[in-house]
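Architecture and fold: a report
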Number of protein chains: 2
Amino acid sequence: MKRISKLLMVVATLAGIVTFTASATQSALKGDGPIFVREIPAGYRSWEFINVAHEEGNLNSFAAILGNDVAIKAYREGKLPFPDGAIIAALHWKFVSSEENNKVFGRAQSFVTGPPTNVQFMVKDSKKYASTGGWGFAHFNDGKPADDAFLSTCFPCHAKVKDRDLVFTRYAP
Amino acid sequence: MKRISKLLMVVATLAGIVTFTASATQSALKGDGPIFVREIPAGYRSWEFINVAHEEGNLNSFAAILGNDVAIKAYREGKLPFPDGAIIAALHWKFVSSEENNKVFGRAQSFVTGPPTNVQFMVKDSKKYASTGGWGFAHFNDGKPADDAFLSTCFPCHAKVKDRDLVFTRYAP
């Protein structure tokens, strides 16, 4: 019985991979409308630091924005638009009060990162993502990519900062 | 006249360097009480990212905490105490509301880094800094090290988190 369960799991997993790959390929081949990023860029947690950010309200997020070498170089040289190959990562956590720090400081003043919520990427490829300002957008919850409906909301908002090549984050000196 | 002014400036600068070096050497040779870090570790802005933090109140700060390779390895492996050679950097900016982002979002929700305020370091050397828990403390405003009176306040507060080897910041996954 155990063996059959295991076998079924393997089949289900494979089926999932096939379905996922097929849908990603389909989306990549469509060529109409925006194309989204479905894979987490390797090694992003070790990229260099660009800036931090905090959003209040429903998001209540604490963000670290990191960049690969191409993005960091462009930021430091003040180059806009970003060149092809640039990738910017936004790592998000809950914005929470630090009880352990406040206890030491003797007052409620300290805020830190809580549980991780999502990781987002902007991937610059002026040909591949021509229909969305040269940027491919990605959003992952627990390593799983968000669906098309969700990803469709990225570009319209980022398009509002065209003078910053669709990138909200500035470089922190 | 111009030439004399320039010459005086050079002399003044050299005198400043000599005085600074002499006082740093004196402090390093004293060997009584805590010894502080007087030089900014090279290349820290490119170190890997550990976490972010925000302090309310008078500080009103936004921080990014970065680490050199030794520190990052220890964090990822959950090793405590930190090994000799570990250096942790805390980059501080003012915590400010982002008018330009709020305008795009249509509501006041976005906080970003304002002007840089200071950079702090903790340098692990269990022999050199034995009297302060194995950590040397540093604080720089505009590249200039803080005085002894200011640096004397670092250790007593950090000593309160002995179970975290005197380091407040945890690693953000």
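Before reading on, note that the structure itself is shown above.
Report follows, based on the coordinates. Predicted model only: the values in this text are computed from it and were never measured. For every chain, the first residue of its written sequence is number 1, and the numbers climb from 1 along that sequence. All chains are assigned letters beginning at A, and all ligands numbers beginning at 1, according to the order in which they are written. Selection of residues for local features in this predicted model requires a pLDDT of at least 70, selection of side-chain atom pairs for listing and counting requires 80 or more, and totals for whole chains, interfaces and linings are taken over all residues.

**Considering the overall build of chain A**
Tallying secondary structure elements over chain A gives five helices and six strands in all. Here a residue counts as buried when 20 or more other C-beta atoms fall within 10 Å of its C-beta, as exposed when 12 or fewer do, and as partly exposed in between; the C-beta atoms come from the backbone. Evaluated residue by residue, chain A yields a buried proportion of 34% over its 173 residues. Whether two residues are in contact depends on their C-beta atoms, placed from the backbone: they are in contact if these lie within 7 Å. Excluding contacts between residues fewer than 6 apart, the proportion of contacts in chain A whose partners are at least 24 apart in sequence is 47%. Secondary structure counts use DSSP, requiring at least four H or I residues in a row for a helix and at least two E residues in a row for a strand, with both numbered from the N terminus.

**Some points on the interface of chain A and chain B**
At the junction of the two partners, chain A supplies 27 residues and chain B supplies 27 residues. Elements that contribute at least two residues to the side of chain A that touches chain B include exactly β1 (48-55), β2 (61-67), α3 (99-105) and β4 (110-124) of chain A. Of the residues in the side of chain A that touches chain B, the class split is 15 nonpolar, eight polar and four charged. Where β4 of chain A lies against strand β1 (residues 48-55) of chain B, two bridges are found, and the strand directions are antiparallel. By the bridge assignment for β1 of chain B, Ser 110 of chain A is matched with Glu 55 of chain B. Note that Gly is not counted as nonpolar here; it falls among the polar residues with everything else outside the nonpolar set of Ala, Val, Leu, Ile, Met, Phe, Trp, Tyr, Cys and Pro and the charged set of Asp, Glu, Lys and Arg. Pairing between two strands is assigned when DSSP locates at least 2 bridges connecting them.

**Things to note about the relation of the copies chain A and chain B**
The least-squares superposition of copies is restricted to C-alpha atoms, and to residues with a pLDDT of at least 70 in both copies. In the superposition of chain A on chain B (RMSD 0.0 Å, axial shift 0.0 Å), the rotation amounts to 180 degrees. Look at the turn and shift together and you get a two-fold axis relating the two. Taken together, the interface assignments show that 100% of the residues at the interface of chain A recur at the interface of chain B, consistent with an identical surface on both copies.

**Examining the nonpolar core**
We define the nonpolar core as any set of buried residues of the types Ala, Val, Leu, Ile, Met, Phe, Trp, Tyr and Cys, connected via C-beta atoms lying within 7 Å of each other. By size, the foremost hydrophobic cluster in this structure holds 84 residues, and its most contacted members are Ala 89 of chain A together with Ala 89 of chain B. The contacts of Ala 89 of chain B, once residues within four sequence positions are left out, are Tyr 44, Trp 47, Ile 65, Leu 66, Val 119 and Phe 121 of chain B.

**Overview of the pairing of strand β3 (residues 87-97) of chain A**
Taken residue by residue, a regular strand's side chains alternate between the two faces of the sheet. Residues and elements named next belong to chain A. Within β3, eight of the 11 residues are buried, leaving the element largely enclosed by the surrounding structure. Relative to β3, β2 is paired through seven bridges, and the arrangement is antiparallel. What sits directly across from Ala 63, in β3, is His 92.

**A few points about helix α2 (residues 69-77) of chain A**
Residues and elements named next belong to chain A. Inspection of α2 places Ala 71, Ile 72, Ala 74 and Tyr 75 among the buried residues, and these make up the whole buried set. Down the axis of α2, the buried side of the element spans an arc of 165 degrees, and every buried residue falls inside it. Set apart from the buried face of α2 by more than 90 degrees, the exposed residues are Asp 69 and Glu 77. On its buried face, α2 is in contact with β1, β2 and β3. A positive backbone phi angle near 65 degrees is found at Gly 78, which sits one or two residues after α2. Each direction from the helix axis to a C-beta atom contributes to the arc, which is the arc of those directions.

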